[in-house]
Each structure stands twice: as C-alpha cells, then as structure tokens.
Amino acid sequence: MRLAVVTNILAPYRIPLFSALASRCDDFLVLLLADRHVNRDWFAPPVGFATRTLPGIRISNAAGVDPVHLNVGAWAALSTFRPDVVLGGGFTPAHLAAMLYCRYHGKEYVPWGELTLAHQSEELALRRWLRRWMIGSSRRFIASSTATRAAFVHHGADPGNVLVSPMPVGNAVFRALAASARASGDCARIRLRHGTPLIVSAGRLVDSKGWIHLLRAFQIVSREFPSAELVIAGEGPRREHYLVLADSLRIRSRVRFAGQLTANQLASLYAAADVFTLATLADPYGAVLPEAMACDTVVVSSVHAAATADMVVDGESGFIADPLDEQAFADALTRALSLSPERRATLLAQARLRTPDDDMEYSASAIVDFLSARITGHRHSTSALVGSAATMGCHRDAT
C-alpha cells in the first residue's frame, strides 16, 4: 500500500507513529502545510520517511491559536506520488484538494484527526459546512478518541466505518525513562529541589490550557498542604501574566515555571510528582495525560480534554474534574494527594492497564489493517478495534 498523509506540521510526537506506518507500507509520504508554527516551540529531528512542505501562506490568529493554512500543490504532489490511500488530518484547501484528487482517481480519502464538537472552530458556520461536506463525501474515518468519533458521526459519518485508534505517545519509552529517573536518583533530586507534595502540569502557556483556574485551585489546595509546590513545564506568551497572578494569589513562592523540556526531562518530572494535572479548557486530545500515566503518576484531568474520557475512570485510574469549578478541581487534587499507599498502588495498577507498552505498534497495525481492508475489498470490522482502543486508552496537543 502506498500511503500519503496531509497534516499541518511535523509535530515531534507524531514522528514515531509515522515511522511505524512507513515500515508497514510499500511507500509513505507526509505532506506538510508548514515547516513549523510560530506558536509551537517544536523543531522536528531528521526522520526516516519522505516529507514535503507544500507552498502557501499562513494567516495568524489570536495568540495560542493555530494559523489558517492556505496551500497549493497538493494535487501535483499526490499525482507524482500516486498513493492508494490519503489520510487527511484537517479541512484546509490542501485537504480539500487531496480529497478531490482521490475522488477523481478512484482512490481512498480518509479523514483522520482529533476533531471534536467542543473545538472553537465549530462555532463558524462555513467550517461546519465544509466539514459536513468533506466527511459526508468520505467512506472511512480514523478518530483519535471517542469524542472525535462522535464528531465524525455528527457530521455524517457511518458509525460502523469509524476506527477509533489513539494517537500513541510511546508508553514504553516514557515508562522506561521514568524508571531510569527513579533508579538514578533524579526523582529524589527533583523532589528535594522543589519540595513536597509536588504537583506537576505541562502545556503551552495560553489561557485555553486552564492555567488561571489551576493557579486558583492550587491556592485552595495550599491551605491544606502549605508546603505543596506546583511545577509547570512549557512556554508561551502568557507566562508573565501567570507570574503576576501567582503573586496576587500569594502562591508565587510555591509555583515554578520549568520552561520547555525534553521528553527525558518531562518523564523525570512526571515520575517525581505526587500528582500530575491537566487543567485544559479545550483540548482535542491531551497527550500529556497518557505520558504521565505511563510514568506511574496519579493524574487529575480536566473534563475538557478528549483523552480524559478514554483514559480515566474517576476514582479508579485517576480523578476527573472541571477546572472551571475551581473548588471542585481543588478537591480532586486534594483527594489525589491524600491517597493511602495501598489506594495509590491500586489506582496506578488500573492506570497501567490503560497505557500498554505496545501502544505505538497497536495503533500503526490497526490503521494499516483498516486501510488495507478497503483496498483488498474485504470488510474490516471496526467494533473490535474500537473495543481494543478503549481498553488501552484512546489518545497531543498539549505542549
């Protein structure tokens, strides 16, 4: 099978999955709408598969919001590559051109991504119409979460033709990095440097990630745990604002901004934490959640992250709360910090079931099998795959 993917940028967390897909295909190409986003502190390393950045322009939005991409050349690039299937991770002009190319040449165009009905772009009538038309014109779909599956179905997809396959984070890698950090003493050094109990979070420093509400919830938590410290990994345009807010809440001495961290540094921080929290107000996935869970860290996650519903059972594999209700979020953090050793071990065991080591191989195999079934003419059952994906957790846009 010759497989092409049309996506916005080559985000580092997608590279392992793309590599796994490439190893299972006869040929593989990723068409990019941009080399990078100005609102993302990402620089992709060299990769072992073919990529091509389409010419075009980008219209910037508000701070923290991805730009609008207007690209040309998708049809020409696909004509040269001659794919059997195109995976489209969006609804831009380039994705529309890719879909029309597939229809003209009798190939399969498969919408794939992290679309949710809660995303702010759903407020625009033109975008809703375009999504409904493109989804209604497609026959198969790959969703990164059950929330995305619901969005595809809402816009006209046949539920039986939607594969729920998580965007894997590489659980085995994060688990191994965390184990190494614990064994080497890195975790102990982090805890000594920051104090305990230690609450950790990670994400871009923009308001949509819920930092204002998390800081206010942490103020409430600190009344019961006056020595608690909050460490936030990530960068963004609102950092100074949050420092001022922490000052006004009189928690500045207990809040640390760690900046942009590598995967190794993140895993060490996750492993050192008593609790990891994701307080986003709108996240089409939230890959930092399974990353932290793979590091054997208790999590408190926002109801507004698509990954939460697929990864966390409240009180069993973590805790769920709405950061807009700051008291309720603080209560969830307090519950997590107050776990007995026995209760913590039970909860982490359940979380481990939702972060299996083979998430990368599972997702790549599930996607290729799903796409190959259409090419060979065999009907591929999605029900079993959906069940398996739900068991392992349906998975990044959190950094």
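Just so you know, these numbers come straight off a predicted model, no measurement behind them. (Residues numbered from 1 in each chain as written. Predicted model: local features only at pLDDT ≥ 70, side-chain atom pairs only at ≥ 80, totals over all residues. Heavy atoms only, no water.)

A short note on the overall build of the chain
Okay, step 1: Each helix and strand in the chain was counted, giving 16 helices and 15 strands.
Okay, step 2: By residue count, 56% of the 399 residues in the chain fall in the buried class.
Okay, step 3: Looking at the chain as shown, the accessible area adds up to about 15,900 Å², and 55% of this sits on carbon and sulfur atoms. (Helix = DSSP H or I, 4+ residues; strand = E, 2+ residues; numbered from the N terminus. Buried < 20%, exposed > 50% of the residue type's maximum accessible area, 1.4 Å probe, protein only. Areas by Shrake-Rupley, 256 points an atom, 1.4 Å probe, with all protein chains shown as cover.)

So, the confidence of the model for the chain
Okay, step 1: Per-residue pLDDT for the chain averages 89, and the proportion of residues at 70 or more is 89%.
Okay, step 2: Between residues 379-399, whose pLDDT stays under 50, and residues either more than four places distant or in other chains, the model counts 86 contacts. (pLDDT = per-residue confidence, 0-100. Contact = heavy atoms within 4.5 Å.)

Digging into the packing of helix α2 (residues 74-81) against helix α3 (residues 93-105)
Okay, step 1: Contact geometry for α2 and α3: axes closest at 8 Å, N-to-C directions at 45°. Our classification of the angle between α2 and α3 gives oblique. Viewed along their axes, α2 and α3 form a crossing whose handedness is right-handed. On α3, the residues touching Ala74, Trp75, Leu78 and Ser79 of α2 are Ala94, Ala97, Ala98, Leu100, Tyr101, Tyr104 and His105.
Okay, step 2: Grouping the constituent residues of the contact of α2 with α3 by class yields nine nonpolar, two polar and no charged. (Axes fitted to C-alpha atoms, helices over the stretch in contact; angles between N-to-C directions. Parallel < 35°, antiparallel > 145°, perpendicular 65-115°, else oblique. Left-handed = near helix turned anticlockwise from the far one by under 90°. Nonpolar A, V, L, I, M, F, W, Y, C, P; charged D, E, K, R; others polar.)

Thoughts on the nonpolar core
Okay, step 1: Core analysis: the largest hydrophobic core is formed by 37 residues, its most contacted members being Leu215, Leu230, Val300, Phe319, Phe329 and Leu333.
Okay, step 2: For this core, the elements supplying multiple residues, two or more each, are α8 (211-224), β11 (229-233), α9 (239-248), β12 (255-259), β15 (319-321), α13 (326-337) and α14 (341-353).
Okay, step 3: Here this core takes eight residues from α8, the largest share from any one element.
Okay, step 4: Once residues lying within four places of it in the same chain are set aside, the contact partners of Leu215 are Leu230, Tyr242, Leu245, Leu249, Ile251 and Val255. (Core = buried A, V, L, I, M, F, W, Y, C linked by side-chain atoms within 4.5 Å.)

Remarks on the environment of Ala22
Okay, step 1: With respect to the helices and strands, Ala22 occurs in helix α1 (residues 15-23).
Okay, step 2: With 342 residues separating them along the chain, Ala22 and Ala364 place their C-alpha atoms 9.1 Å apart.
Okay, step 3: Setting aside residues no more than four positions away along its own chain, Ala22 makes contact with Phe28 and Phe49.

Digging into the environment of Pro159
Okay, step 1: Structurally, the position occupied by Pro159 is in the loop between α5 (146-154) and β9 (162-164).
Okay, step 2: Note: C-alpha distance between Pro159 and Phe141 (18 residues apart in sequence) is 9.2 Å.

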